[in-house]
Amino acid sequence: MASVSIKQVGKTFDNKQDNTSYTVFEEIDLEVKSGEFVSLLGPSGCGKSTLLNIVAGLDQASKGSVFVGEKAVKGPGADRGVVFQEAALMPWLSVLENVVFGLKKQYSKEKAKERAIKYLKLVHLSKFIDSYPHELSGGMKQRVAIARALAMDPDVLLMDEPFGALDEQTRSMLHKEVQYIWEQTRKTILFVTHNIRESILLSDRIVLMGTRPGGIINVFDVNLPRPRKTSSKEFALLEEQINEQLAGEIEKVMKEEMGDDYNSQKATLLYSSHRNMGDHI
Amino acid sequence: MFQTRMFPSPLLSFVELYRGFFETGILTAALTTSLGRISLGFALAVIIGSLLGIILATSKLADETLGSLVVALQSVPSIVWLPLALVMFQGGPLAILFVIVLGGTWPMTMNMRMGIKNVQPLLIRAARTMGYKGVELIWKVLIPASIPSALTGVRLAWAFGWRALMAAELLGRGGLGRTLLDARDFFNMELVIAIMIIIAVIGLIVEYLIFNPIERKVLQRWGYSK
C-alpha cells in the first residue's frame, strides 16, 4: 500500500481560440495516508474529478506534483487502479477477458486468469465470467470494473463517482461491497462523489471542495464506528453540517449558471402564479 | 416495331444458364474468372483501406494532408480510372484488379477512420490506466472497438468493388461482364439475362450467407442489438 501526496497542485485550462484561461483550482494540498479511505465531495464543476484524473495520470497538472508512495506521478500506471462513473468495459470481451485485459501486462496467461477469477469471486460475479458486458446490469458492470481495478493489485484505488449512475438499491448494495473489499484489502482509496451520505457512510475523511475559486474548503474526520447506520444521530448531525456548507457552494454554482436573479430561497415567492399581475391582460 | 428477339424468354434464359454451366462451360469459366478477380481485389481493398483508415484516424498530420485527398478520390467513380489503367498495365488483367481495388479502398478507408475516431474516449482512458499505450492501444482497443464501423466499410468495399468489376469487364477482357457483352454481340439475349441472374444471385449469396450472419454476430457481441 502507499500514501498519496498532492502537493500544491493547480490546474488551468487554456482556451487557445480566444486566449482566455480558466482556473479550476489554484493550489491544492492533500495527504492521504496509506490504507485510508478519503472522499472528495463537492458540487459539480469544483474540480474533484479533475483532481482525481491528475492523480490517475490521465490529466496533467498545470503546477505542483503528486506522489504515490515515493514516486512522482508522470502518467497512468498499474500502481493506481481507476474505476470510472461508467464501467468502461470492452464490449467485445467477456467478463473474464475484461478483467484479464488489465493483467496481461504484469502476469502470465494462466496466472492472469487465476487472479481474474479470484477477484470476480470477491465481487460475487463468478457465475457470470463468460457473459458479455451487454448482458449485465449497470451494477454488475460496475462490479466487473471494480474487480478489474483490484485485480491489478494497485497501491491506490481511485474511484470517480463509481455509483453515480446506479439506482438506490444497487448503490447501497455496492456500498456494502466496497466496505467489505476495503476491509479485506486495505487499499488506499480516493473516492469522488457528490453524495454526502455516500461519503459519510464509506470514508475515514471527507474533503469538501468548493468552487470559484476551486479548492478545499473543509476537511471532516468521520469518527463513527463501522458498519455505519444512516439513521444514527451522529450520522445525521454530520450530514447536516456538511449539507449547510455545501448548500452555499451549490448556490454559487447555480447563480453562475442561471444568472444573478437566481435565489434558492425567494424563487417560489417571485414566480408563484397568484402574484402574477399582468399575464392575462 | 419491337422484334420478339428483344424480349428474351424467361424459360430460355434458364436453359441458357443450364447450358452455360453444364454444356458449353462458358458461364463456369466466366464466373470463376470474375470471382477470382473480386476476391483478390476485395481483399486488397479491405487491407489497404483499413491501414489507411487507421493512419488517418491516429495521425493528425496524415488526416489534414491525405484526408481531403481520400474524400476527393472517393467521389471519382473507380471505373473512370479504367482507360488510364488499361494503358498503365498494357490492357492486362491487372488493370481490372486496379479498378476493383480503387473502388473498394476509399469507402473502407473512410469507415475505418470514422470507426476509430468514434471510439468512446472512456474506453481509451480506461485502457491507459491499465498501462496500454501507442501501437498496443491501437491494436487492442481502437481496432476491436471500431469493428462494427469497419464492417460497414467492408460491405461498401464489396459493393463498390463488385460494381467496378462488372463495369471494367464490359470494357476489358474475360469474366462475366465480357461474356455478357459477347452474348449481346451474338444477339443471344437469353444469355445476357442468364448472366444478369448470376450477378444478382451472387449479390444475394454474399449478402445473406456472408455479411448478414457476421453483422448479426458482431452487433450482438458489441451490444448494439438486443
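Every value quoted in this text rests on a predicted model; they were computed, and no experiment measured them.

A. Main features of the overall build of chain B. When you go through chain B residue by residue, the secondary structure sums to 10 helices and zero strands. When its helices and strands are written in sequence order, chain B yields α-α-α-α-α-α-α-α-α-α. By its C-alpha atoms, chain B is 75 × 45 × 30 Å across when sized along the principal axes. For chain B, the share of sequence-separated contacts (at least 6 apart) that also reach a separation of at least 24 residues comes to 74%.

B. Highlighting the overall build of chain A. In terms of helices and strands, chain A carries eight helices and 10 strands. Over its C-alpha atoms, taken along the principal directions, chain A stretches across nearly 75 × 40 × 40 Å. Scored against the burial criterion, the 281 residues of chain A give a buried share of 39%.

C. Structural detail: the pairing of strand β7 (residues 156-160) of chain A. Residues and elements named next belong to chain A. For β7, a buried count of five out of five residues is recorded, marking the element as mostly surrounded by other parts of the structure. Residues Val 156, Leu 158 and Asp 160 point to one face of β7 and Leu 157 and Met 159 to the other, with burial holding for every one of them. Two strands pair when backbone bridges link them, and strand β6 (residues 80-83) and β7 are joined in this way by four bridges, in the parallel orientation. Within β7, the position partnered with Val 83 by the bridge is Met 159. In this structure, β7 lies alongside strand β8 (residues 188-193), joined through five bridges in parallel fashion. Bridge assignment links Val 156 to a residue of β8, and that residue is Thr 188. Chirality of the crossover, the property in question, places the unit of β7, helix α5 (residues 168-185) and β8 among those that are right-handed.

D. Region of interest: the sheet that holds strand β9 (residues 205-210) of chain A. All names here are of chain A. With mixed pairing, six strands are arranged side by side in an open sheet as β6-β7-β8-β3-β9-β10. Each edge of the sheet is formed by a strand with only one pairing partner; in this case those strands are β6 and β10 (215-221). In this sheet, neighbouring strand axes are inclined to one another by 20° on average, regardless of whether the strands run parallel or antiparallel.

E. Up close: the packing of helix α9 (residues 175-185) of chain B against helix α10 (residues 189-221) of chain B. Residue and element names in this part refer to chain B. Interaxial distance between α9 and α10 falls to 8 Å at its minimum, and their mutual angle equals 160°. On the basis of their axis angle, the class for α9 and α10 is roughly antiparallel. For the element pair α9 and α10, the recorded crossing hand is left-handed. Where α9 approaches α10, its residues Leu 176, Thr 179, Leu 180, Ala 183 and Arg 184 are matched on the opposing element by Leu 191, Val 192, Ile 195, Ile 198 and Ile 199. For the contact of α9 with α10, the per-class residue count stands at eight nonpolar, one polar and one charged.

F. Spatial organisation of the environment of Asp 18 of chain A. All names here are of chain A. Inspection of the secondary structure assignment puts Asp 18 in the loop between β1 (4-15) and β2 (20-32). Here Asp 18 falls in the exposed class, since 5 other C-beta atoms lie within 10 Å of it. When the C-alpha positions of Asp 18 and Met 258 are compared, they lie 23 Å apart, and in sequence the two are 240 residues distant.

G. Molecular detail of the packing of helix α3 (residues 109-122) of chain A against helix α4 (residues 138-151) of chain A. Residue and element names in this part refer to chain A. Two elements in contact, α3 and α4, have axes whose closest approach is 9 Å; the angle formed by their N-to-C orientations is 130°. Between α3 and α4, the angle falls in the class oblique. Considering the relative orientation of α3 and α4, their crossing is right-handed. Every residue of α4 that contacts α3 at Arg 115, Ala 116, Tyr 119, Leu 120 and Leu 122 is listed here: Ala 147, Leu 150 and Ala 151. Its residues assigned to classes, the contact of α3 with α4 shows seven nonpolar, no polar and one charged.

H. Structural detail: unusual backbone geometry. Residue and element names in this part refer to chain A. Cis geometry is adopted by the peptide bond preceding Pro 227, which originates at Arg 226 and carries an omega value of -5°. Here Pro 227 is to be found in the loop between β10 and α7 (233-258). For Gln 8, which is not glycine, the phi dihedral falls at a positive 45°. Positionally, Gln 8 belongs in strand β1. In this model, Arg 186 sits at a positive phi of 55°, which is unusual for a non-glycine residue. Considering the arrangement of structural elements, one finds Arg 186 in the loop between α5 and β8. Overall, the presence of 13 C-beta atoms within 10 Å leaves Arg 186 in the partly exposed class.

The rules we used
- Residues numbered from 1 in each chain as written.
- Chains lettered and ligands numbered in written order.
- Predicted model: local features only at pLDDT ≥ 70, side-chain atom pairs only at ≥ 80, totals over all residues.
- Helix = DSSP H or I, 4+ residues; strand = E, 2+ residues; numbered from the N terminus.
- Contact = placed C-beta atoms within 7 Å.
- Buried ≥ 20, exposed ≤ 12 C-beta atoms within 10 Å, placed from the backbone.
- Pairing = 2+ DSSP bridges.
- Right-handed = clockwise from strand over helix to strand, strands pointing away.
- Axes fitted to C-alpha atoms, helices over the stretch in contact; angles between N-to-C directions.
- Parallel < 35°, antiparallel > 145°, perpendicular 65-115°, else oblique.
- Left-handed = near helix turned anticlockwise from the far one by under 90°.
- Nonpolar A, V, L, I, M, F, W, Y, C, P; charged D, E, K, R; others polar.

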